[in-house]
Amino acid sequence: MPITNDRIEDRSDPDVGASVGRAMAHDSAVAHVRGTAVYVDDLPEPKGTVHVVPGYADIARGRIDTLDLEAVRNAPGVLDVLTASSIPEVNDCSPVFGDDPILAADEVSFHGQPLFAVVAETRDQARRAARLARIEAEAIRPIVAVDEGIENGGDLMPSYTFERGNPALSIKACEHRLEGRFRIGGQEHFYLEGQVAIAFPGEGDAMRILSSTQHPTEIQHLVAAMLGVPDAAVVCECRRMGGGFGGKESQAAQWACLAALAARRTGRPAKIRLDRDDDMRMTGKRHDFRVDWRCGFDHEGLLAGVDLAFSSRCGYSADLSMAVNDRTMFHADNAYFYPECRILSRRIRTDTVSNTAFRGFGGPQGMLAAERMMDAIAIHLDRDPFEVRMRNLYAPGRDITPFGMEPQGYRLVRRIMQRLARTGEYAKRRRAIARFNVAAAEGAGHLRKGISLTPVKFGISFTLKHLNQAGALVNVFGDGSVQVNHGGTEMGQGLHTKITQVVAEEFGVDIGRVRITATRTDKVPNTSATAASVGSDLNGMAASRAAGVIRRRLARLAARLFQVRERQVSFAYGQVRVGEESIPFERLTQLAVEERVSLSATGHYATPGMTWDRETVSGNPFYYYAMGAACSEVSVDITTGEMRIDRVDILHDVGRSLNPAIDIGQIEGGFVQGAGWLTTEELAFDEQGRLRTHAPSTYKIPTCSDVPADFRVSLFEQGRNRMPTIHRSKAVGEPPLMLAISVFSAITHAIASLSSRRLPPLDAPATPEAILRAVAALRSEAG
Amino acid sequence: MMAKSHITTVINGDPTEFLCETEQTLLDVLRDELHLTGSKEGCASGDCGACSVIVDGRLVCACLVLAVEAQDKTVETIEGMASGERLHPLQTKFLEHAALQCGVCTPGFLIAAKSLLERNPDPTESEVRYWLAGNLCRCTGYDKIVRAVLDAAADMRG
Ligand code: FES
Ligand code: FES
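Residues numbered from 1 in each chain as written. Chains lettered and ligands numbered in written order. Predicted model: local features only at pLDDT ≥ 70, side-chain atom pairs only at ≥ 80, totals over all residues.

## Quick word on the overall build of chain B
Quick note on the threshold: Helix numbers and strand numbers start at the N terminus; a helix is a DSSP run of H or I with at least 4 residues, a strand a run of E with at least 2. The atom set for the radius of gyration is the C-alpha atoms, and the globule formula is 2.2 Å times the number of residues raised to the power 0.38. The burial criterion counts other C-beta atoms lying within 10 Å of a residue's C-beta, which is placed from the backbone; the residue is buried at 20 or more, exposed at 12 or fewer, and partly exposed between these limits. Working definition of a contact: two residues with C-beta atoms, positioned from the backbone, lying within 7 Å.
In terms of helices and strands, chain B carries five helices and five strands. Beginning at the N terminus, the succession of helices and strands in chain B can be written as β-β-α-β-β-β-α-α-α-α. For 158 residues, the compact-globule formula gives about 15 Å, and the C-alpha radius of gyration of chain B, at 16 Å, lands near that figure. By its C-alpha atoms, chain B is 50 × 30 × 25 Å across when sized along the principal axes. Taken across its 158 residues, chain B has 55% of its residues classed as buried. Put simply, of all contacts in chain B between residues at least 6 apart along the chain, 59% involve residues at least 24 apart.

## Here we look at the overall build of chain A
Summing up its helical and strand segments, chain A has 19 helices and 27 strands in all. In summary, chain A has a C-alpha radius of gyration of 27 Å against a globular reference of 28 Å for 783 residues, a match within 12%. Expressed along its principal axes, the backbone C-alpha trace of chain A runs to roughly 85 × 75 × 50 Å. For chain A, long-range pairs separated by at least 24 residues make up 79% of all intrachain contacts whose partners lie at least 6 apart in sequence.

## Notes on the sheet that holds strand β11 (residues 234–238) of chain A
All names here are of chain A. What counts, and what does not: Note on pairing: two strands pair once DSSP finds at least 2 bridges between them. Here, axes are lines fitted to C-alpha atoms. For helices the fit covers the stretch in contact, and angles between N-to-C directions go from 0 to 180 degrees.
An order of β3-β5-β1-β12-β9-β10-β11-β20 is seen for the eight strands of this open sheet, with the pairing classed as mixed. Each edge of the sheet is formed by a strand with only one pairing partner; in this case those strands are β3 (78–83) and β20 (519–520). Relative to β11, strand β10 (residues 207–211) runs parallel, the two sharing four bridges. Looking at the pairing, isoleucine 209 lines up with cysteine 236 of β11. Seen against the sheet, helix α3 (residues 123–130) touches β1 (50–56), β3 and β5 (114–120) and runs at an angle of roughly 20° to β1.

## Regarding the sheet that holds strand β23 (residues 581–584) of chain A
All names here are of chain A. On the basis of which strands lie adjacent, the open sheet formed by three strands has the order β21-β22-β23 and antiparallel pairing. Either end of the sheet is taken by a strand with one partner, and the two such strands are β21 (569–572) and β23. Strand-to-strand twist in this sheet, taken as the mean axis angle between neighbours without regard to direction, amounts to 25°. Here β21 runs beside strand β22 (residues 575–578); their pairing, made up of four bridges, is antiparallel. In the sheet register, alanine 572 faces β22, and the bridge partner there is glutamine 575. Of the strands in this sheet, β21, β22 and β23 touch helix α15 (residues 535–562), which is tilted by about 125° from β21. In the packing of helix α16 (residues 585–594) onto the sheet, contacts are made with β21, β22 and β23, and the angle to β23 comes to roughly 80°.

## Focus: the domain arrangement of chain A
Residue and element names in this part refer to chain A. How we decide: Residue ranges labeled as domains rest on an automatic or database domain assignment. Only Asp, Glu, Lys and Arg are considered charged, only Ala, Val, Leu, Ile, Met, Phe, Trp, Tyr, Cys and Pro nonpolar, and every remaining residue, Gly among them, polar.
In terms of domain boundaries, chain A breaks down into domain 1 (143–404) and domain 2 (469–606). Each of domain 1 and domain 2 was reduced to a C-alpha centroid, and the two centroids are 36 Å apart. The interface of domain 1 with domain 2 comprises 20 residues on the first partner and 15 residues on the second. Grouping the constituent residues of the side of domain 1 that touches domain 2 by class yields seven nonpolar, eight polar and five charged.

## Observations regarding the domain arrangement of chain B
When the parts come together, some accessible area is lost, and that loss is often what is quoted as the size of the interface. Residue and element names in this part refer to chain B. When the domains of chain B are assigned, the result is domain 1 (5–80) and domain 2 (89–157). When each unit is reduced to the centre of its C-alpha atoms, the spacing between domain 1 and domain 2 is 21 Å. Listed as interface residues are 13 residues of domain 1 and, on the opposing side, 11 residues of domain 2. Sort the elements by how many residues they give to the side of domain 1 that touches domain 2 and strand β3 (residues 52–55) lands first, with three residues.

## Points about the pairing of strand β13 (residues 289–297) of chain A
Moving residue by residue along a regular strand, the side chains alternate between the two faces of the sheet. All names here are of chain A. Among the nine residues in β13, seven count as buried, and that is most of the element. In terms of strand pairing, strand β8 (residues 176–184) meets β13 through nine bridges, oriented antiparallel. Counted as the bridge partner of phenylalanine 182 is valine 291 from β13. Two strands pair when backbone bridges link them, and β13 and strand β14 (residues 303–315) are joined in this way by nine bridges, in the antiparallel orientation. Each residue of the ladder has a partner; that of arginine 294, found in β14, is aspartate 307. Where β13 hands over to β14, the hairpin turn is made up of five residues, of which glycine 301 adopts a positive phi near 90°.

## Let's talk about the interface of chain B and chain A
With 43 residues of chain B at the interface, the matching set in chain A holds 47 residues. Among the secondary structure elements, those contributing two or more residues to the side of chain B that touches chain A are α2 (89–96), α3 (106–119), α4 (125–131) and α5 (143–157) of chain B. Per element, the largest residue contribution to the side of chain B that touches chain A is four residues, and it comes from α2 of chain B. Grouping the amino acids of the side of chain B that touches chain A by side-chain chemistry returns 23 nonpolar, 12 polar and eight charged.

## Topic: the packing of helix α10 (residues 363–381) of chain A against helix α11 (residues 385–392) of chain A
Residue and element names in this part refer to chain A. Counted only if it meets this: The labels follow the angle: roughly parallel below 35 degrees, roughly antiparallel above 145, roughly perpendicular from 65 to 115, and oblique for the rest. Note on convention: the crossing is left-handed when the near helix lies turned anticlockwise from the far helix by less than a right angle, right-handed when the turn is clockwise.
Orientation of α10 relative to α11, taken along the N-to-C sense of each, is 120°, at an axis distance of 8 Å. Taken together, the axis directions place α10 and α11 in an arrangement best described as oblique. Two packed elements cross with a definite hand, and for α10 against α11 that hand is right-handed. Contact residues: α10 offers Met374, Asp375, Ile377 and Ala378, while α11 offers Pro385, Val388, Arg389 and Asn392. Its residues assigned to classes, the contact of α10 with α11 shows five nonpolar, one polar and two charged.

## Quick word on helix α13 (residues 426–442) of chain A
For an α-helix the count is 3.6 residues per turn, leaving residues at separations of three or four pointing the same way. Residue and element names in this part refer to chain A. Counted only if it meets this: Expected helix span is given by 1.5 Å per residue-to-residue step, counting one fewer step than there are residues. Here the arc refers to the set of directions running from the helix axis out to each C-beta atom.
Compared with the 24 Å implied by 1.5 Å per residue over 17 residues, the 24 Å span of α13 between its first and last C-alpha is a close match. Along α13, the residues classified as buried are Tyr426, Arg429, Arg430, Ile433 and Asn437. Within α13, the buried residues cover an arc of 100° as seen down the axis, which keeps them to one side. More than 90 degrees from the buried face of α13, the exposed residues found are Lys428, Arg431, Arg435, Val438, Ala439 and Glu442. Buried residues along α13 sit against α11, α12 (411–423), β16 (447–460) and β25 (624–637).

## Brief notes about the nonpolar core
Residues and elements named next belong to chain A. What counts, and what does not: The term nonpolar core means buried Ala, Val, Leu, Ile, Met, Phe, Trp, Tyr and Cys residues held together as one set by C-beta atoms within 7 Å.
Val118, Val223, Ala259, Ala260 and Ile747 are the most contacted members of the largest nonpolar core, which has 297 residues in total. For this core, the element with the most residues is α15, which contributes 11 residues. If sequence neighbours within four positions are ignored, isoleucine 747 has contacts with Gly450, Val634, Val636, Met643, Leu762, Ala766 and Ile771.

## Quick word on α11 of chain A
Where burial is concerned, most of α11 of chain A is hidden: six out of the eight residues are buried. Buried residues belonging to α11 of chain A abut β14, α10, α12, α13 and β16 of chain A.

## Section: the packing of α10 of chain A against helix α18 (residues 741–752) of chain A
All names here are of chain A. Where α10 meets α18, the axes come as close as 10 Å, and the angle between the chain directions of the two elements is 25°. Our classification of the angle between α10 and α18 gives roughly parallel. The chirality of how α10 crosses α18 is right-handed. In contact with Met367, Leu368, Glu371, Asp375 and Ile379 of α10, α18 contributes Ile741, Phe744, Ser745, Thr748 and Ala752. Classifying every residue of the contact of α10 with α18 by side-chain character gives six nonpolar, two polar and two charged.

## Describing unusual backbone geometry
All names here are of chain A. The omega torsion across alanine 764 and proline 765 is 0°, close enough to zero to call that bond cis. Here the phi dihedral of alanine 444 falls at roughly 55°; this positive angle occurs in a residue that is not glycine. With 6 C-beta atoms packed within 10 Å, alanine 444 lands in the exposed category. Backbone geometry places valine 617, a non-glycine residue, at a positive phi of 50°. Among the secondary structure elements, valine 617 is positioned in the loop between β24 (600–606) and β25. Given 15 C-beta atoms within 10 Å, valine 617 falls into the partly exposed group.

As structure tokens, then:
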């Protein structure tokens, strides 16, 4: 359904009359508003379905002496209790390194780690029984925070470095030098639909699993390995998720495995759905960081040397930490040239849940460090941070990243920033804010204002080469209706809608003719996770290729039947033009069936030019970059620490948008999620390693009343990907999250007004408490 | 085990009877017994609004209401919002403004917004924002939702 909206321009091709480039409602939108869109937990449970609930010990680290499950087994309704020894083959649900037990055997590695799982007739019975375990364990004092980890726990995996020149020397030689340390908090995904899976035992060793997962192929593989059956015996399916954000990339597997195990042992369908508290305790989050930075620059703020040391809390196992932390390093420059630099990344082991993918995948933390440095420089020199940022942007002759590549297309960042500064009246507002803050100080007012305009340059591709591939299957039926299936999963980002548009465009038909079906490992095999923002880049291309194969077959047939050249056949407005004549699309598909032409095809796509080699620190990790900029204005109450975002302007490049309504949705949602990460969302662990913020009552994601009333989001009009991506579009899933760094930077600006040339010691998230601490620190020094 | 309670109520205009345990929530009964799965469980603690329903004209979190409390009351859920094929103006505006992404929060927002417009047909933007602050959305960033509600309100006033 097309959307009309004065903010959205239609960029579809009038010659085709299909929908690529047009704002279309989400393909499930009508079902969503009627409440009839089905998520895993909404499916009617088949008769005999059993329910699985995990149980854990109340310690974060230690050896289990006794795991007495007698009372659990004897509780009403309990059919089975799963432990590590119930697993027929491989007790692992990790994405890469084989270090995440599905059920821990005799050692607890974090608080909330599942040790057993109850299988009962009802969910309520299983939950009650799970409380009855008697666990005796020798608790060891856990290593919880990054700093403790650095001192005692050590590295989970080797550190990794990008280095160019001699930054220590070049910093030393500089007229101005600064250094500092700050902390960046983690983030809970808080997908509104929690982790859930249901497994159906099939004939023989067959198993079918419905899961809310970004990675059905991985679940298929892990379940097969766990049960000791071939991958071909297992099917994993996902119609839609109620949000993913990276939290269902690797983290959905454990629950699917437990459901499958229960299904195998009981011979009945088995369902698992974590309650919110268990979900927040048991699944990984965004990595929190300590950043130690040092830089040297001239009197205009131009950097000569940069030394950035990142230490992240990875938790007890590797999960995706290697790639996440690599991406922190890839984005530690954001959009700036570091002539000589060292980017060091340490991956710290702690006795906490294993941190994982989260929208931006380590990139946001790298960028925040770069932007923090920009603010530090500007405040130190008493200059406008915008000026310092512009000065340090990549430019001709200053265009090699710390990992040795030219960031192609980087010039766009400057254009976007300049345009946004103009349309958002940055300079004028900054002057007004300066006057406001002076007046506030003189009048003993308690509000201070801040403004900041920050860029985003985000690399698009999986940095692990083999993940950059996708497949699709397109079936056309005699009546002219079309079915498409591809390897990507729908988590609300509108991927299925975009793919439907792409396929409709190939055939020149209305989007209403194209049906998308659930993602299934038996339709399209060996897929990558829907992640790294490349869902539509990869799957869109694969789907367009599959549809293209069929379109060419149809064109060939039409040419033969109507005695014209193939070139003279074209598809538009639901019609097929054949020379001078025109026939309905469904007439041609009917003829194809009669003429014995296959109307089913697969398509495969592999991103070209991926040359990154981690060992030698060389080559190109990204196919292209997505870019944008945001300008945020905030008010801070220096007596309470409260903060309000007054206005946000965003200009973001999505290339040639496949669907502007969806893209704008991703930008707004990403920005707000990023703002939550940097302001209200705080994960608190106690000294025993227990997460104390395991429900929305204590963990605060932004609400309707927290987001700016004045929110101006535009797509960069001349957008067009220079690389031959699907219809020259650009990825949009993750990059907008980092636009929210402008909020953190604006808060810094507001607090900095209390002092002269002092960088407020502000950590992220800038909660009221953190803001008050920074205010107090500046005031005590100003004394 | 205690005997189940027999409850007589009206759901979306239809007289309905069900049996439930005393401690079962209205949300559990709606979803598991009556198969009205449009109301979602996001937290089960009254903090996310995904389970919003209207009971006797009051907006409530169905996860915090006991099913037995529905006795002799009227319950409105998302399933009753459209009249057959005809969508409620709020539903139409949510579509037009693309005010949804993953869609899990959508039923809750629609019910909450409906209850707002029933008591205040002409809310200001900040009234909308504060009224909807009990509903969490992790996908959209809320702007489109607020606009859709304001637009629907204007439409319904005619
Ligand atoms: S499920 Fe009822 S408020 Fe969250
Ligand atoms: S649309 Fe996903 S939570 Fe609101």
